[in-house]
Amino acid sequence: MKKKWITLAAVSLAAMTVLTGCGGSQGDSSKKASDTLVIGMEPTFPPFEFTENDQYVGFDIDFAKAVADKLGMKAEVKSLGFDALIPALKSGQIDLIASGMDATPERAKQVSFTKPYFHDGYSVVVRKDNTTINGFQDLSGKNVCTQVGTKGVELGQQAGAVIKQVDANNQCWMELNSNNSDAVIINTSVAMYYLSHGGENDLKLAGEPQMAPDGIAMAVSKDKPEMLEKVNKAIDELKADGTYAKLYKKWFGAEPKE
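Fair warning: this is a prediction, and the values are worked out from it, not measured in the lab.

Criteria and cut-off values
Residues numbered from 1 in each chain as written. Predicted model: local features only at pLDDT ≥ 70, side-chain atom pairs only at ≥ 80, totals over all residues. Heavy atoms only, no water. Salt bridge = Lys/Arg side-chain N within 4 Å of Asp/Glu carboxyl O. Helix = DSSP H or I, 4+ residues; strand = E, 2+ residues; numbered from the N terminus. Buried < 20%, exposed > 50% of the residue type's maximum accessible area, 1.4 Å probe, protein only. Pairing = 2+ DSSP bridges. Axes fitted to C-alpha atoms, helices over the stretch in contact; angles between N-to-C directions. Contact = heavy atoms within 4.5 Å. Disulfide = S-S within 2.5 Å. pLDDT = per-residue confidence, 0-100. Polar contact = N/O pair within 3.5 Å; in protein donor to acceptor, adjacent residues only side chain to side chain.

Draft legend 1. Representation of the pattern of salt bridges within the structure. Evaluated as defined, the whole model comprises seven salt bridges. In this structure, Asp236 and Lys115 form a salt bridge, with 2.6 Å as the shortest nitrogen-oxygen distance. With a gap of 121 residues between them, Asp236 in helix H9 (residues 225-240) and Lys115 in the loop between strand E6 (112-113) and strand E7 (121-127) connect regions that are remote in the sequence. Using a relative accessible area of 35% as the deciding quantity, one classes Asp236 as partly exposed. A residue is classified by how much of its surface remains accessible, and Lys115, at 38% relative accessible area, is partly exposed.

Dropping the structure here:
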């Protein structure tokens, strides 16, 4: 495997901090609260969000910043564990979640989702020398790594796998490459990006992906319906003016399907 992926994992796990500074007087703090959109995400999820050269980059980063621009606000990225994002939104630590999050009915009970801006599926990834796992149907009794709080956990359990849940999906690549897991369940787009950036030397997709029933969306607090309306309007405008298509092609190498 390329060394940079191991480095990425280590940096991403260590860098659970706010990208921009929080200094300033109490007066500055109140101005920041009204002019800054604090965006929560878990940056170990390329190509949606990840760390590169000590900077947060990815499709969600660019798209969320574009949304903030449409709102006339400054974007501030806050890195959190994926399972901490909804609690942080509900407690007011962040204003918006933009982290490749499936808008599931269970999550919709806690947060308000925007219009979906991406549709994805879930895939099984194994080592290249594996000949026994050819899809979800072969996962029964196998040691499978997936990220805590994701649909991958449910899919693995349904398949009868022994699930190991980790905080960041990059840990799953390390688990798989070190033979500590038999397979990984992960978003298809993330798997394809990883394989196309060096992962295909050691790993491969196993079988057909399962399409996610829910689209990927941003999330705001249920207490802020006006914010939901503004973000939805911004998403519509970014699609209409070509910004969305430009960013989609930049990170996924193709025209948007929707």
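Let's pick the thread back up.
Draft legend 2. Quick look at the sheet that holds strand E9 (residues 162-166). If you walk across this open sheet you meet the five strands as E9-E8-E10-E7-E11, and the pairing is mixed. In this open sheet, the two strands that pair with only one neighbour each are E9 and strand E11 (203-211). Taking the axes of each pair of neighbouring strands and ignoring which way they run, one obtains an average angle of 25° across the sheet. Against the sheet, helix H6 (residues 151-158) makes contact with E7, strand E8 (143-147), E9, strand E10 (183-187) and E11, and its axis sits at roughly 170° relative to E9, the strand it touches most. The strands that helix H7 (residues 169-177) touches are E7, E8, E9, E10 and E11; relative to E10, the one it contacts most, it runs at about 155°.

Draft legend 3. Fine view of the state of the cysteines. Counted according to the given criterion, the structure contains one disulfide. One disulfide in the model links Cys145 with Cys172; its S-S distance is 2.3 Å. The sign of the -80° torsion about the S-S bond sets the Cys145-Cys172 disulfide as left-handed. Remark: Cys172 occurs in helix H7 and Cys145 occurs in strand E8; sequence separation between them is 27 residues. A relative accessible area of 0% means that Cys145 is categorised as buried. The class for Cys172 is buried, based on a relative accessible area of 2%.

Draft legend 4. The arrangement of the confidence of the model for the protein chain in detail. Taken residue by residue, the protein chain gives an average pLDDT of 88. The fraction at 70 or more is 86%. For the stretch residues 1-32, pLDDT sits under 50, and the model shows 42 contacts to residues farther than four places along the chain or on other chains.

Draft legend 5. Summary view of unusual backbone geometry. Of note, the bond from Pro46 into Pro47 is cis; its omega dihedral lies within 30 degrees of zero at 10°. Locating Pro47 in the fold gives a position in the loop between strand E1 (36-41) and strand E2 (50-52). Although it is not a glycine, Asp54 adopts a positive phi angle of roughly 65°. Residue position: Asp54 is located in the loop between E2 and strand E3 (55-57). Although it is not a glycine, Asn179 sits at a positive phi angle of roughly 65°. Given the relative accessible area of 53%, Asn179 is considered exposed.

Draft legend 6. Spotlight on the side chain of Thr188. Position of Thr188 relative to the elements: it lies in helix H8 (residues 188-196). Using a relative accessible area of 15% as the deciding quantity, one classes Thr188 as buried. Of note is the side chain of Thr188, whose polar atom sits 2.8 Å from the side chain of Ser123. Setting aside residues up to four positions removed in sequence, Thr188 forms contacts with Asp120, Gly121, Tyr122, Ser123 and Pro209.

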